[in-house]
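Residue-level structural notes
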Amino acid sequence: MKRLTVDVDGVLANWTESACQLLGVDLEDSVIRNRLKSEKLEDLVGKGAMWSQIQKAGYGFWANLKPYDWTRTFYTGLQQSVGGHVYICTAPSSDHQSAAGKMYWCKKHLRCEHKQIVITQSKWLLASPDSFLIDDDERKVKSFREAGGHAFLFPNALSIIDGDVPYGTMLLDLSKQIQDWLKV
């Protein structure tokens, strides 16, 4: 059976906007916004400071991430493309509350069952010729492919929102890759 797995943060949930709001980073500042298209937020504000604030916010930070405008239709389209065999694969932070918050978020915004959610940093463990991962983290995509799976690197969401990467073009590319994978 073919299995499609999709990441949450940066693909379905707007982690960057929520984290910027929490940390007081002005995402509307064009210099900051452009930097966040190619750099991590922790590089701008400091890794320790960022994660400390997110951990302090706890469960609520993760449970209340904003979905993107495309989240519901994107997820539904993925389900249709593989006959419903879509699983969420999301990495937890070091705070155990992130897992519970992400589970709540998935149930609320995707209406998926808990048994459809895999929470792990080691997404490559799910890789096989019958599995396909959609993720915005280049390292996770690379390790998934190296472990024998198929993967699509989802573009930086700010680049999609700002029109630097046309959403329709990205969807056509992803659709072609999924269709090629389904034929194998």
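Description of the structure in this document. None of the values given here were measured: they were computed from a predicted structure. The residue numbers shown here count from 1 along each chain, following its written sequence. Side-chain atom pairs in this predicted model are given and counted only at pLDDT of 80 or more, local residue features only at pLDDT of at least 70, and totals for whole chains, interfaces and linings cover all residues. Calculation of side-chain values draws on the structure's entire complement of heavy atoms; hydrogens and water are dropped beforehand.

Section: the overall build of the protein chain
- Per the convention used, a helix needs a DSSP run of H or I reaching at least four residues, while a strand needs a run of E reaching at least two, with both numbered from the N terminus. What the protein chain contains, in helices and strands, is 10 helices and five strands.
- The quantity called the radius of gyration is restricted to C-alpha atoms. Its globule counterpart is 2.2 Å times the number of residues to the power 0.38. What you see for the protein chain is a C-alpha radius of gyration of 16 Å, in line with the 16 Å of a compact globule of 184 residues.
- Each residue's exposure class comes from its accessible area (1.4 Å probe, protein chains only) as a fraction of the maximum for that residue type: buried when under 20%, exposed when over 50%, partly exposed otherwise. Per-residue burial over the protein chain gives 43% buried out of 184 residues.
- Contacts are residue-level and defined by heavy atoms, with any inter-residue pair within 4.5 Å sufficient. By sequence separation, contacts in the protein chain at least 24 residues apart represent 67% of the contacts at least 6 residues apart.
- Computed with the Shrake-Rupley method and a 1.4 Å probe, the accessible areas treat only the protein chains shown as cover for residues. A total of about 9,300 Å² of accessible surface is found on the protein chain, and carbon and sulfur atoms cover 53% of it.

Topic: helix α8 (residues 138-146)
- Taken together, the buried positions of α8 are occupied by Lys140, Val141 and Phe144. Considered in projection along α8, the buried side chains sweep an arc of 100 degrees and stay on one side of the axis. Summarising the geometry of α8, the exposed residues directed more than 90 degrees from the buried face are Glu138, Arg139, Lys142 and Glu146.
- Against β1 (3-6), β4 (131-135) and β5 (150-153) lie the buried residues of α8. Arc, as used here, means the arc of the directions from the helix axis to the C-beta atoms.

Quick word on the sheet that holds β1
- The criterion for strand pairing is that DSSP finds at least two bridges linking the strands in question. Reading across from one edge, β3-β2-β1-β4-β5 is the order of the five strands in this open sheet, with parallel pairing throughout. At either end of the open sheet lies a strand with only one pairing partner, and these are β3 (117-119) and β5. Strand-to-strand twist of the sheet, defined as the mean angle between neighbouring strand axes without regard to direction, takes the value 20 degrees.
- Relative to β4, β1 runs parallel, the two being bridged by four bridges. Bridge pairing links Val6 to Ile134 in β4.
- In the packing of helix α6 (residues 71-81) onto the sheet, the strands contacted are β1, β2 (86-90) and β4, and the crossing angle to β2 comes to about 130 degrees.
- Fitting a line to C-alpha atoms yields each axis, with helices limited to the stretch in contact; the angle taken between N-to-C directions then spans 0 to 180 degrees. This element, α8, spans β1, β4 and β5 of the sheet and lies at about 165 degrees to β5.

Some details on the state of the cysteines
- Any two cysteine sulfur atoms within 2.5 Å of one another count as a disulfide. Applying the stated criterion to the full structure yields zero disulfides.
- Between Cys89, a cysteine without a disulfide, and Cys106, which holds the nearest cysteine sulfur, the sulfur-to-sulfur distance is 11 Å.
- Just so you know, Cys112 is unpaired, no disulfide at all, and the nearest cysteine sulfur is the one on Cys106, 4.7 Å from it.

Topic: the side chain of Glu42
- Tracing the chain through its elements places Glu42 in helix α3 (residues 41-45).
- This count recognises Lys and Arg as positive and Asp and Glu as negative, with His and chain-terminal groups excluded. The term salt bridge refers to a side-chain nitrogen of Lys or Arg lying within 4 Å of a carboxyl oxygen of Asp or Glu. In this structure Glu42 is buried but unpaired, with Lys47 as the nearest side chain of opposite charge at 4.5 Å.
- Polar contacts here mean pairs of N or O atoms no more than 3.5 Å apart (in protein, one a potential hydrogen donor and the other a potential acceptor; neighbouring residues in sequence count only if both atoms are side-chain atoms). There is a polar contact of 3.3 Å between the side chain of Glu42 and the side chain of Trp51.
- Ignoring anything within four residues of it in the chain, the contact list for Glu42 reads Lys47, Met50 and Trp51.

Description of the pattern of salt bridges
- Within the structure shown, the criterion is met by 15 salt bridges.
- Residues Asp135 and Lys123 are paired through a salt bridge, measuring 2.5 Å at the closest nitrogen-oxygen approach. Taken together, the positions of Asp135 in strand β4 and Lys123 in the loop between β3 and β4 put the pair 12 residues apart, joining distant regions of the chain. Each member of the pair, Asp135 as well as Lys123, carries the same accessibility label: buried.
- Note that Lys140 is salt-bridged to Asp137, the shortest N-O span being 3.5 Å.
- Sharing partners across several salt bridges, the network here consists of Glu28, Arg33, Lys37, Asp162 and Asp164.

With respect to the packing of helix α1 (residues 15-23) against helix α4 (residues 47-57)
- Taken N-terminus to C-terminus, the directions of α1 and α4 make an angle of 90 degrees; their axes are 10 Å apart at the nearest point. In terms of orientation, α1 lies roughly perpendicular with respect to α4. Mapping the contact onto sequence places Trp15, Ala19, Leu22 and Leu23 in α1 and Ala49, Met50, Trp51, Gln53, Ile54 and Ala57 in α4.
- For the contact of α1 with α4, the residue count by class is nine nonpolar, one polar and no charged. Just so you know how the angles are binned, under 35 degrees is roughly parallel, over 145 roughly antiparallel, 65 to 115 roughly perpendicular, and the rest oblique. The classification used treats Ala, Val, Leu, Ile, Met, Phe, Trp, Tyr, Cys and Pro as nonpolar, Asp, Glu, Lys and Arg as charged, and all other residues, Gly among them, as polar.

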